[in-house]
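Working through the structure, step by step
Here are the chains, one letter per residue:
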Amino acid sequence: MNMYGTDQRHHILTVLVENKSGVLARVASLFSRRGYNIFSLAVAPSDNPRFSRITIVVDVESAPLDQIVKQLDKLIPVVSITELDPAHSRERELLLATVEAGPESRGQVIQLVGVFEGKIVDVGPAHLTVMLAGAPTKLDDFEDLIRGYGIVEMQRTGRVALPMLDRADHRGQPATGTADTTEKAG
Amino acid sequence: MELTGAQALIKSLEMQHVEVMFGLPGGAILPVYDPILDSSIRHILVRHEQGAGHMAQGYAQVTGRPGVAMATSGPGATNVVTPLADAYMDSTPLVAITGQVATAAIGTDAFQESDITGITMGITKHNWLITDVDDIPRVVAEAFHVATTGRPGPVLIDIPKDIAQSTMTWYWPAPADLDLPGYRPVTEGDPALVMEAAELLLAAERPVIYAGGGILKARAADALRELAERTGIPVVTTLMARGCFPDSHPLCLGMPGMHGNYTAVTAMQKSDLLIALGSRFDDRVTGKVSAFAPGAKVIHVDIDPAEHNKVRAADVAIAGDCRLVVEELLLALEARGLSHSEATRGGRGGSPSDAVAGAPAAPGTMAERYPRERLAPWRAQLGAWQERYPLVYDQQPGPGPLKPQFVIECLRDQTPEDTIVASGVGQHQMFASQWWQFDHPYTWVNSGGLGTMGFAVPSAIGAKVGRPDKMVWAVDGDGCFQMTAQELVTASSERIPVKIAILNNAYLGMVRQWQEMFYEERYSEVYLSPDLPDYVGWAESMGCVGIRVESPDDVATAIDKANSVDDRPVVVDFRTDAFEKVFPMVAAGSSNDDIIVDPSLIGGSRP
Ligand SMILES: Cc1ncc(C[n+]2csc(CCOP(=O)(O)OP(=O)(O)O)c2C)c(N)n1
Ligand SMILES: [Mg+2]
């Protein structure tokens, strides 16, 4: 199962916001009051301490992407929005899971982690905590496979993404609000 | 210069040329009230903070300047929530300032603490919780900038008590010092799109200009008039836009929407081009969206690009200030040979042909193929509808029931032409919008988007404060009046001579109408009472002149008497017919094609 639905359903917005208190609440409140669904949301500092970057995976079936972008852009602390088409971007996500790994299954779990190029980050008498970073679909596959052994706890970060590099037409399109190109709404 | 936060706040308001604010003090805002004593700013003490917010809205709607409301923390702040939501829906520039508990107490459920920035996040354009006294001047400057530019709207500044009490070195920020990296409102329209719009406009055969509140916000009434007259295209004015184009103008079709007149509604339905200027395809205008104006292409001009394609897909969507875009459009038309002629001016008293004839287009231009006569069949059709389906009511002389429409007509005819009218929400609001003749911008003050009962009395007071030179009448319902009437105490003590006409039908009339029409006359919780309260006694106890009118024959004298009072508010209790309904009507969720006209127009009888 893919928690993000089919690829056409999701779209990635990377949103540069002012690093001020309450910004995340503003973004979340906008999504909830306008009925836009979010698959995942990740916040991190940007290279400039004045700003943070929010990566939002939105459900474009809940509302047209254009509306989501424009409404988001109206939030005063939103500085710019870059829209990444999943077909033209590199998406990555991190998964941490504590898996049942008693004497009988421990070897198999370790093998599986090896095949997926994950890491064992903690070892207990009957459990292993494993880590895997990669494309979200790869994480989905991994999650399906380790479920058979018993997942005690699991966390996924939600995806972050950057545009593909190779060809010019694969670059992320600034959706709106980039300081030098587009003016934004009041 | 060392100032306390409170002094800096008031000084910042002075720097913003605030001349008046509306508010009511309390614990957390106490420090801020002290420097008001030494300030040039007039503070009007309200009786309920909701009144302060609506007064600030009324002030803003008639002056175009931001209204300022002030309240304490907790209940004071939450009382301002309704006006903020109202101002947000109607894009009214409003600056609310609320006290907050001291920073150390925030988050502890302290006495009169409420998370007002959290509560108002979704109903303000932006809000600020000040955490550093040095930020005060900058935040005030930012708040006024955000409230008044782009698509205007309400903002809120929350100031903790300890911040107001600490000291700072005074400064006033230059525009470049504002810290709003994500705020860049658009102003001018994309010229290529404006050209496209001009072409669509010249090709249309049944065009309608769909003028919304954005015309007033952008102060674009003159530009709109020029556009209409130069092209001969008729104009509908939404509830928020009444007055932006003169009702007396031969090209004016009046109000569209749920209770719009037949011609305005049907013109949009049958149109082949809607030129939406600062309007947002509100559901009260479109009716069932999928059935709205099915054959129309759409030019949509709005300063807020998020309005484009939100409800109705636009063929040409132009983000920009309505005035600037319409002016650009006029230049584009001129480039195509459709230039202005003074001779085309119609206006009040002008005959229809004045406004539609116009000067001939320059030969060899595209506009030559667009003589305004080309729209003659369309205007003839509109004229036929106007004649067939006028607004109607039937006022019998003598002691029979007093019709609310008759009261509005008398008021309209007995007051100066540029009288400001504020209204509540309900049947009386629709009657006022339908039967008043709005010939001037900024003469109609109402709660359009939120539909807030109780808006009339305080907003009329705010309007009168903003335009003391004008006569201000509120047209109110008996239900609405009871929600905010106490502000007449404010008006009496501050000597603000507003006049209130209560269309007292003893019912929550608009709800009653829906129950009559759509709930098989099962009237549930809509009866009020004609004489409980005693409106005249109540008015007098609040320091107003109170007048009661029961018969159509007494309407004119009562209005004359009210008009003659200039030193205090007047309340006229018009006992109107409880059975009168607002027509035409498009039932909620129905297609505008299924507009229900007054029964008498199709052979039925009237109550
Ligand atoms: C605060 C608020 N509560 C409820 C409503 C719903 N509502 C809309 S119109 C109306 C009746 C208004 O009654 P009144 O003021 O007497 O006006 P009338 O329709 O009788 O002219 C009501 C209850 C509202 N718009 N606002
Ligand atoms: Mg009533």
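Residues numbered from 1 in each chain as written. Chains lettered and ligands numbered in written order. Predicted model: local features only at pLDDT ≥ 70, side-chain atom pairs only at ≥ 80, totals over all residues. Heavy atoms only, no water.

Some thoughts on the nonpolar core
Residue and element names in this part refer to chain B. Of all hydrophobic cores here, the largest spans 46 residues; its most connected members are F22, F481, L488, V498, I500 and V571. The element contributing the most residues to this core is helix α19 (residues 456–466), with six residues. Residue contributions to this core reach at least three from each of two domains, namely domain 1 (2–177) and domain 3 (404–583). Among residues more than four places away in sequence, those in contact with L488 are V457, I461, F481, V498, I500, M542, C544, P569 and V571. (Core = buried A, V, L, I, M, F, W, Y, C linked by side-chain atoms within 4.5 Å. Buried < 20%, exposed > 50% of the residue type's maximum accessible area, 1.4 Å probe, protein only. Helix = DSSP H or I, 4+ residues; strand = E, 2+ residues; numbered from the N terminus. Domains from an automatic or database assignment. Contact = heavy atoms within 4.5 Å.)

A closer look at the interface of chain B and chain A
Facing the 24 residues of chain B at the interface are 27 residues of chain A. Between chain B and chain A the total buried area reaches about 2,100 Å² when both faces are included, carbon and sulfur atoms providing 51% of it. The largest contributions to the chain B side of the interface with chain A come from B:M121, B:G182 and B:R184, which together make up 29% of the buried area. Where chain B touches chain A, the interface holds three salt bridges. (Buried area = accessible area lost by both parts, 1.4 Å probe. Salt bridge = Lys/Arg side-chain N within 4 Å of Asp/Glu carboxyl O.)

Notes on the domain arrangement of chain B
Interfaces are often sized by the accessible area lost when the parts come together. Residue and element names in this part refer to chain B. Here the domain parsing of chain B yields domain 1 (2–177), domain 2 (191–388) and domain 3 (404–583). With centres defined by C-alpha atoms, the gap from domain 2 to domain 3 works out at 32 Å. With 18 residues of domain 2 at the contact, the number on the domain 3 side is 20 residues. Approximately 1,600 Å² of surface area, both sides summed, lies buried where domain 2 meets domain 3, with 55% of it carried by carbon and sulfur atoms. Along the contact surface separating domain 2 from domain 3 lie zero salt bridges. Inspection of the domain 2/domain 3 interface yields seven residue pairs in polar contact (both at pLDDT 80 or more). Of the residues assigned to the side of domain 2 that touches domain 3, the class counts are nine nonpolar, three polar and six charged. (Polar contact = N/O pair within 3.5 Å; in protein donor to acceptor, adjacent residues only side chain to side chain. Nonpolar A, V, L, I, M, F, W, Y, C, P; charged D, E, K, R; others polar.)

Focus: the pairing of strand β2 (residues 38–45) of chain A
Residues in a regular strand project their side chains so that they alternate between the two faces of the sheet. All names here are of chain A. With seven bridges connecting them, β2 and strand β3 (residues 51–59) associate as antiparallel partners. Within the sheet, the bridge partner assigned to I38 lies in β3 and is V58. The hairpin turn running from β2 into β3, its antiparallel successor, is five residues long. (Pairing = 2+ DSSP bridges.)

Considering the coordination of the magnesium ion (ligand 2)
All names here are of chain B. Surrounding the magnesium ion (ligand 2) are the protein donor atoms D478 (OD), N505 (OD1) and Y507 (O), at 2.0 to 2.1 Å. Between consecutive donors of the magnesium ion (ligand 2), the numbers of intervening residues give the motif D-x26-N-x1-Y. You can see D478 sitting in helix α20 (residues 478–484) and its partner Y507 sitting in the loop between β18 (499–504) and α22 (509–518), a full 29 residues away along the chain. Residue D478 shares its accessibility class with Y507, and that shared class is buried. (Donors = N, O, S within 2.8 Å, 3.2 Å for Na, K, Ca; no water.)

What to know about the pairing of strand β4 (residues 78–84) of chain A
Residue and element names in this part refer to chain A. Burial analysis of β4 places five of its seven residues in the buried class, which makes it a mostly covered element. For strand β1 (residues 10–18) and β4, the ladder comprises six bridges, and the chain directions are antiparallel. Residue pairing across strands places V17 opposite V78, the latter belonging to β4.

A few points about the pattern of salt bridges
All names here are of chain B. Here the structure, examined in full by the defined rule, presents 42 salt bridges over all chains. Ionic pairing is found between R151 and D304, a salt bridge with its closest N-O pair at 2.9 Å. Linking R151 in the loop between α7 (136–148) and β7 (154–160) with D304 in the loop between β13 (297–302) and β14 (316–319), this pair joins segments that are 153 residues apart in sequence. Between R323 and E327 there is a salt bridge, and its shortest N-O distance comes to 3.4 Å. Placement of both R323 and E327 in helix α14 (residues 322–335) is noted, with a separation of four residues, approximately one turn of the helix.

Observations regarding helix α18 (residues 427–435) of chain B
Burial analysis of α18(B) places nine of its nine residues in the buried class, the great majority of the element. Within α18(B), the full set of buried residues consists of B:Q427, B:H428, B:Q429, B:M430, B:F431, B:A432, B:S433, B:Q434 and B:W435.

So, the side chain of B:K470
Along the chain, B:K470 falls in the loop between α19 and β17 (472–477). B:K470 sits in the buried class, given a relative accessible area of 10%.

What to know about the packing of aromatic side chains
Residue and element names in this part refer to chain B. Counted according to the given criterion, the structure contains 17 aromatic pairs over all chains. Relative to Y59, the ring of F22 has its centre 6.4 Å away and its plane inclined at 65°; by these criteria the two rings are edge-to-face. Residue F22 is located in strand β2 (residues 20–23), and its partner Y59 is located in helix α3 (residues 49–63); the two are separated by 37 residues in the primary sequence. On the basis of relative accessibility, which here comes to 0%, the residue F22 falls in the buried class. With centroids separated by 5.1 Å and ring planes inclined at 85°, the aromatic side chains of Y210 and F281 adopt a geometry described as edge-to-face. Taken together, the residues Y210 in strand β9 (residues 207–211) and F281 in the loop between β12 (273–277) and α13 (283–286) connect sequence positions 71 residues apart. Like Y210, the residue F281 is buried in the burial classification. Ring pairs connect the aromatic residues Y262, W378, W385 and Y389, which therefore count as one cluster. Here the basic side chain of R219 rests over the ring of Y442, its NZ or CZ set 4.2 Å away from the ring centre. (Phe/Tyr/Trp six-rings, centres within 6.5 Å; stacked < 30°, edge-to-face > 60°. Lys NZ or Arg CZ within 6 Å of the ring centre and 35° of its normal.)

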